[in-house]
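Listed below, chain by chain, are the residues.
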Amino acid sequence: MNQPIVNRPGLVAGSLFVITVPIHLLLPHSKSIALSAVTLSLIGGAYIGFGARAEKFSTFAIELAVAALFGLAALLGLLWHWSALPFGLAAHAVWDLAHHNGLFGAPVPRWYIPMCVFFDLAAALFLVILYGI
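The present account deals with the structure reproduced in this document. (Residues numbered from 1 in each chain as written. Predicted model: local features only at pLDDT ≥ 70, side-chain atom pairs only at ≥ 80, totals over all residues. Heavy atoms only, no water.)

### Comments concerning the overall build of the protein chain
Link 1 in the chain: Counting secondary structure elements, the protein chain contains 5 helices and 0 strands.
Link 2 in the chain: Listing every helix and strand of the protein chain by position from the N terminus yields α-α-α-α-α.
Link 3 in the chain: By the compact-globule yardstick of 14 Å for 133 residues, the protein chain fits well, its C-alpha radius of gyration being 15 Å.
Link 4 in the chain: Counting every position in the protein chain, which comprises 133 residues, the buried fraction comes to 38%.
Link 5 in the chain: Here the contacts in the protein chain between residues at least 6 apart in sequence split such that 72% fall between residues at least 24 apart.
Link 6 in the chain: Of the roughly 7,700 Å² that the protein chain leaves accessible, carbon and sulfur atoms contribute 74%.
Link 7 in the chain: Taken as two groups, the 5 positive and 4 negative side-chain charges of the protein chain have centres that lie 7 Å from each other. (Helix = DSSP H or I, 4+ residues; strand = E, 2+ residues; numbered from the N terminus. Rg over C-alpha atoms; globule rule 2.2 N^0.38 Å. Buried < 20%, exposed > 50% of the residue type's maximum accessible area, 1.4 Å probe, protein only. Contact = heavy atoms within 4.5 Å. Areas by Shrake-Rupley, 256 points an atom, 1.4 Å probe, with all protein chains shown as cover. Lys, Arg positive; Asp, Glu negative; His and termini not counted. Charge placed at Lys NZ, Arg CZ, Asp CG, Glu CD.)

### Some details on the nonpolar core
Link 1 in the chain: Counting residues in each nonpolar core, the largest one holds 30 residues, and the members touching the most others are Leu-40, Leu-85, Leu-89 and Tyr-112.
Link 2 in the chain: Mapped onto this core, the elements with two or more residues apiece are helix 1 (9-26), helix 2 (29-53), helix 3 (57-79), helix 4 (84-98) and helix 5 (112-132).
Link 3 in the chain: Sorting elements by how many residues they give to this core places helix 5 first, with 11 residues.
Link 4 in the chain: Once you skip the residues sitting within four places of it in the chain, Tyr-112 turns out to touch Ile-43, Ala-46, Tyr-47, Phe-50 and Asp-96. (Core = buried A, V, L, I, M, F, W, Y, C linked by side-chain atoms within 4.5 Å.)

### Observations concerning the environment of Pro-9
Link 1 in the chain: With respect to the secondary-structure elements, Pro-9 resides in helix 1.
Link 2 in the chain: Considering only alpha carbons, one finds Pro-9 and Leu-76, 67 residues apart in sequence, at a separation of 30 Å.
Link 3 in the chain: Setting aside its immediate chain neighbours within four residues, Pro-9 contacts Trp-111, Pro-114 and Met-115.

### Details of the packing of helix 1 against helix 5
Link 1 in the chain: At a closest axis distance of 8 Å, the pairing of helix 1 and helix 5 adopts a crossing angle of 25 degrees. Here helix 5 runs roughly parallel to helix 1, going by the angle between their axes. For helix 1 against helix 5, the interelement crossing comes out right-handed. Along its contact with helix 1, which presents Pro-9, Val-12, Ala-13, Gly-14, Leu-16, Phe-17, Thr-20, Val-21, His-24 and Leu-25, the element helix 5 presents Pro-114, Met-115, Phe-118, Phe-119, Ala-122, Ala-123, Phe-126, Leu-127, Leu-130 and Tyr-131. (Axes fitted to C-alpha atoms, helices over the stretch in contact; angles between N-to-C directions. Parallel < 35°, antiparallel > 145°, perpendicular 65-115°, else oblique. Left-handed = near helix turned anticlockwise from the far one by under 90°.)

### Structural notes on the packing of aromatic side chains
Link 1 in the chain: By the definition in use, this model includes 8 aromatic pairs.
Link 2 in the chain: Each ring, one from Trp-111 and one from Tyr-112, has its centre 5.9 Å from the other, and the planes form 75 degrees; the classification is edge-to-face.
Link 3 in the chain: On the basis of relative accessibility, which here comes to 10%, the residue Tyr-112 falls in the buried class.
Link 4 in the chain: Taken together, the ring pairs in this structure connect Tyr-47, Phe-50, Trp-111 and Tyr-112 into an aromatic cluster. (Phe/Tyr/Trp six-rings, centres within 6.5 Å; stacked < 30°, edge-to-face > 60°.)

### Brief notes about a nonpolar patch on the surface
Link 1 in the chain: A surface patch of nonpolar side chains, amounting to about 760 Å² of accessible area, comprises Leu-69, Leu-72, Leu-75, Leu-76, Leu-78, Leu-79 and Trp-80.
Link 2 in the chain: Inspection of the secondary structure puts Leu-78 in helix 3.
Link 3 in the chain: A relative accessible area of 44% places Leu-78 in the partly exposed class. (Patch = residues over 30% accessible without salt bridge, like charges linked within 9 Å, V, L, I, M, F, W, Y side chains within 5 Å. Salt bridge = Lys/Arg side-chain N within 4 Å of Asp/Glu carboxyl O.)

### Overview of the side chain of His-24
Link 1 in the chain: Looking at the secondary structure, you find His-24 in helix 1.
Link 2 in the chain: Look at His-24 and you get buried, because its relative accessible area is 5%.
Link 3 in the chain: Within polar-contact distance, the side chain of His-24 engages the side chain of Ser-32 at 2.6 Å. (Polar contact = N/O pair within 3.5 Å; in protein donor to acceptor, adjacent residues only side chain to side chain.)

Below is the structure:
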């Protein structure tokens, strides 16, 4: 059976993770941290787009403010300590789950939440192992 990719969020997340891991393993430590910081910023910024589609300005403002916090976590990971990066990714998974039932935040495609939660948590664990050992 040939399903659209959006019906297979685990496959999308797993594929992104499998593509990402070797890149980090090949990069020098400082460049890997920089890539992780950029990735966290991009992931956090995705909700700005979802918020822009929302009907209420307050929803957009909340999504923008929280995206800025993920940007701050990325900056802290880059300039202060790498541990801010997996913390930010894990926090983003929680933010994804907060949108799961549609009662909070901007409307998000149903496939996006499980895909992002899986990737965020797998990437966070990978970074702890990569940088912490």
